[in-house]
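Secondary and tertiary structure notes
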Amino acid sequence: MFWKFDLHTTSHIDTLLEKEDVTLTEVMDEDDVLQECKAQNHKLVDFLLRPQCMEDLVTYITQEPSPDVEEKVKYKYPNISCELLTSDVSQINDRLGEDEKLLMKLYGFLQNEPPLNPLLASFFSKVLSILIGRKPEQIVDFLRKREDFVDLMIKHIGTSAIMDLLLRMLTCIEPQQLRQDVLNWLNEEKVIQRLVDMVQPSQDEDRHSNASQSLCEIIRLSRDQMFQVQGCSEPDPLLSTLEKQETVEQLLSNIFDKDKNESAIVSVIQILLTLFETRRPAFEGHMECPPGMNHPSFSVNHSILEAVRPRLKDFHQLLLEPPKKNVMKTTWGVLDPPVGNTRLNVVRLVASLLQSNTHSINTELINLNTLGVILDMYFKYIWNNFLHIQVEICTAMILAMPPAPTEIQPDTEQERARESILIKHLFQKCQFIQRIVDAWSSNEKEQAEGGRRRGYMGHLTRIANSIVHNCDKGPNGPQIQQSLTPSDREKWDAFISGQLADTNKRNTVDLVNTHHIHSSSDDEVDFKDSGFHQDSSLQQAFSDYQMQQMTSNFIEQFGFNDEEFADQDDVVDIPFDRISDINFSLNTNESANIALFEARCKEKIQQFEDAGSDEEDIWDEKDVTFAPEAQRRPSSGSTDSEESTDSEEEDVKRDPFEGSNPSADDRMEVDTGQWAWDSTGILRQDCDGWLGTGVTPPPSSTSSKDCGESKAEDETACCEQRSITETVINGSMKETVSLTVDAKTETAVFKRFTLFNTPQHFPTLPQHSTTHPKHTTLPQHSKTLYDTPQHSHNTP
């Protein structure tokens, strides 16, 4: 994005390029030359595209710097030149890929004598690789015209950058048909045979390693490509050549028919191990194997096994007489000779051959007693865990694999009675059980004398457990049990019930006590199991109250509805969906809990006013009476930002429900009377039912008298109950809250009324055909919208 939207600042390069005699080195000395090139600065790109500049850039990456240059800046310009040429600017790619003179200058680097400068080789490989990716047709056509290209690549295969370039040609060329043409061309040039010839004792270690790695990568890439491109009709010619029996035989001849060279032997074994790989890629979302699993790339080619089988005796001899190694002194002791890389890789090769489960291979290994030699090495080199893990793999495969099929298919009865020749050899000829028990006892004796536990004991424990498991559940279980002599069986049973059982018990002990460690995200919170006192029924009831569902769609619509703040005229029919009623009862002995309830109320309930306030305690036991409306003063509990005062005049000024007529001091009462708009636009209580009829009521004196009588009757009725009323004013909204406690029914009723002083906040009112259209009664649903339903609570 930085380069795309040209977010960089103005560069000094623009000013520098305005000079007529500016040189390439002056431009490359600028710190931001690479950034400006990637940002495709037009002046800079045009300057670099000059024929002389392009030629100089290629020269910097293909010719050795002058030895007189200071070492720390010796490769400055070659490095910058490489970065400029590979900055993926289309104009530079086009000029370099289409100018054959520049390509010939670049190609000339391969014609130098080995060894190549590794740094310049990396620059050359990087430039040519980007051209192969951007201009594949032109570059492939140019390289095919060079008759010595493959020879030069093989000649310089000891340089890692050249090996990378060869692999790039096999992987980065598109489309598929062009890639197939390149493979055929390289196969015709016998690139596989030439790489095989590089793995022999006469070559140096770098050539051994890089040639071996190139062949291994060709095998893996070709097999992966064959699996991915199922519709490809042509097989990979390079892979087919590698899997031929004569190619494998040539590899083995290079290391066995000449002087023993550890580097060459290890390199050839690495190639064989890659050929023996059974590819099992992971398939997302599929448990069963797709049809492609039957592809030849997922099985060992029989021709490879046939080429290796005659050479097993040579590999076995390497275990007995490896290439000469110097005596190695270690902190544990003297190793004469050490295991060495050769023998370790031979054991890996034997494990891979056992995995193929081929009858002819297994028979040859038994005849040579290769398994016995490997076991001898296991118990001799007690601290070489690289060797121990390979021996464990060998034994595990022998124990778990079914008998290898023979070339002559037996009948059904013979098939059932068929036994594994490897099991028989391991337990009888190699005396596997006896060696395990003896090694275990020897280790315990050394430890008892103050010695250290032997390094192979962990692997030996797993080998012993594998024998126990396969005796019970493995395909060779009956044969394993029959292979034990009576004396071996007695020792083995005592071993697994004693020493092995004790070791397994110690290995399964937790290092940390995790009994009380639980993840809070794994378990749901159960409020009922919280640490409440079981004696406190009130707290248990509160716990039950927490478990209730708050609203019918609390989970689906947490928070506000989509139309919470919409125009109220448009949402008249939205149903009220808040907490409508929450009831809980205490099924306890009331006489035993009344005192507890009163104590909890005094402890937990906070006062509405400060402790030093002159206001009365609303929770005190006293009779509640109602004063005339004119004598009542609203509470100072306003939620306005202004400070509340005790001045009645200030409260009167802030009352938005006060009418313009000072004599009309009809404040709202908390009862269930009807409300309507009067002729002045003020919402008032209809005491006698006049306001909703469309008829002008009698004079105010009569109405006031009737209202006074009605209030007196209400006060008489209220004496039977205890009621508290609180009014809160917030801007243009007035909210009145009342709490009524009925001692007879033991219920508490909570009411809340919210009113606005301007009629536009209410839904559109229906018009009636009366003589006084202004005196219109509110529709019934208006109370449902603005009056909160009652919340009843059963109290002790």
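Computed from a predicted structure; not experimentally measured. (Residues numbered from 1 in each chain as written. Predicted model: local features only at pLDDT ≥ 70, side-chain atom pairs only at ≥ 80, totals over all residues. Heavy atoms only, no water.)

Here we take up the overall build of the protein chain. From N to C terminus, the protein chain includes 36 helices and eight strands. Residues counted as buried form 38% of the 796 residues belonging to the protein chain. Across the protein chain, the fraction of contacts at a sequence separation of at least 24, relative to all contacts at a separation of at least 6, is 69%. Here the protein chain has roughly 46,300 Å² of accessible surface; of this, 50% comes from carbon and sulfur atoms. (Helix = DSSP H or I, 4+ residues; strand = E, 2+ residues; numbered from the N terminus. Buried < 20%, exposed > 50% of the residue type's maximum accessible area, 1.4 Å probe, protein only. Contact = heavy atoms within 4.5 Å. Areas by Shrake-Rupley, 256 points an atom, 1.4 Å probe, with all protein chains shown as cover.)

Scanning the entire structure with this criterion turns up 21 salt bridges. Between Arg-220 and Glu-277 there is a salt bridge whose closest N-O contact spans 3.2 Å. Here Glu-277 lies in the loop between helix H18 (262-275) and helix H19 (302-308) and Arg-220 lies in helix H15 (residues 205-228), a separation of 57 residues in the sequence. Residue Arg-220 is classed as partly exposed on the basis of its relative accessible area, which comes to 27%. Its salt-bridge partner being Arg-309, residue Glu-306 comes within 3.7 Å of it at the nearest N-O pair. Note on Glu-306: relative accessible area 23%, which makes it partly exposed. Classification of Arg-309 as partly exposed rests on a relative accessible area of 29%. Put simply, Asp-94, Glu-98 and Lys-135 are held in one network by salt bridges that share partners. (Salt bridge = Lys/Arg side-chain N within 4 Å of Asp/Glu carboxyl O.)

Between helix H8 (residues 100-107) and helix H9 (residues 118-134), whose axes approach to 11 Å, the crossing angle comes to 140°. Considering their axes alone, H8 and H9 lie oblique with respect to each other. Every pair of crossing elements has a handedness; the one defined by H8 and H9 is left-handed. Only Phe-124, Val-127, Leu-128 and Leu-131 of H9 make contact with H8, whose side of the interface consists of Leu-103, Leu-106 and Tyr-107. Its residues assigned to classes, the contact of H8 with H9 shows seven nonpolar, no polar and no charged. (Axes fitted to C-alpha atoms, helices over the stretch in contact; angles between N-to-C directions. Parallel < 35°, antiparallel > 145°, perpendicular 65-115°, else oblique. Left-handed = near helix turned anticlockwise from the far one by under 90°. Nonpolar A, V, L, I, M, F, W, Y, C, P; charged D, E, K, R; others polar.)

Quick look at helix H21 (residues 340-356) now. For H21, spanning 17 residues, the distance from its first C-alpha to its last is 25 Å, which sits close to the expected 24 Å at 1.5 Å a residue. Judged by how many residues are buried, H21 sits mostly within the fold: 12 of 17 residues are covered. Within H21, burial applies to Thr-342, Arg-343, Leu-344, Asn-345, Val-346, Val-347, Leu-349, Val-350, Ala-351, Ser-352, Leu-353 and Leu-354. Asn-357 sits one or two positions beyond H21 and adopts a positive phi of about 50°. (Expected span 1.5 Å × (residues − 1).)

Moving on to the packing of H8 against helix H10 (residues 136-144). Contact geometry of H8 with H10 gives a least axis separation of 12 Å together with a crossing angle of 60°. By the angle class used here, H8 and H10 are oblique. The way H8 lies across H10 gives a crossing that is right-handed. Of the residues in H10, those in contact with Glu-100, Leu-103, Met-104 and Tyr-107 of H8 are Ile-139, Phe-142 and Leu-143. A per-class count over the contact of H8 with H10 returns six nonpolar, no polar and one charged.

What follows is about the packing of aromatic side chains. A complete count under the given rule lists 12 aromatic pairs for this structure. Judged by centre distance (5.9 Å) and plane angle (15°), the rings of Phe-149 and Trp-185 are stacked. Of this pair, Phe-149 sits in helix H11 (residues 149-155) while Trp-185 sits in helix H13 (residues 176-188); the two residues are 36 residues apart in sequence, bridging distant segments of the chain. With a relative accessible area of 1%, Phe-149 lands in the buried category. You can call Trp-185 buried: its relative accessible area is 5%. Through a chain of ring-to-ring contacts, three or more aromatic side chains come together here, namely Tyr-107, Phe-142, Phe-149 and Trp-185. It is Arg-146 that lies over the ring of Phe-142; its NZ or CZ is 4.5 Å from the centre. (Phe/Tyr/Trp six-rings, centres within 6.5 Å; stacked < 30°, edge-to-face > 60°. Lys NZ or Arg CZ within 6 Å of the ring centre and 35° of its normal.)

This part takes up the nonpolar core. By size, the foremost hydrophobic cluster in this structure holds 155 residues, and its most contacted members are Leu-272, Phe-427 and Ile-467. When residues in this core are grouped by element, the largest group, nine residues, is from H9. Contacts of Phe-427, omitting those with residues within four sequence positions, involve Leu-399, Phe-432, Ile-433, Ile-467, Ile-480, Ser-483 and Leu-484. (Core = buried A, V, L, I, M, F, W, Y, C linked by side-chain atoms within 4.5 Å.)

Relative to the helices and strands, Glu-113 resides in the loop between H8 and H9. On the basis of relative accessible area, Glu-113 is assigned to the exposed category, the value being 56%. A C-alpha to C-alpha distance of 8.5 Å links Glu-113 and His-156, two positions 43 residues apart in sequence. Setting aside residues no more than four positions away along its own chain, Glu-113 makes contact with Lys-155 and His-156.

Any functional reading would require information that these geometric values do not contain.
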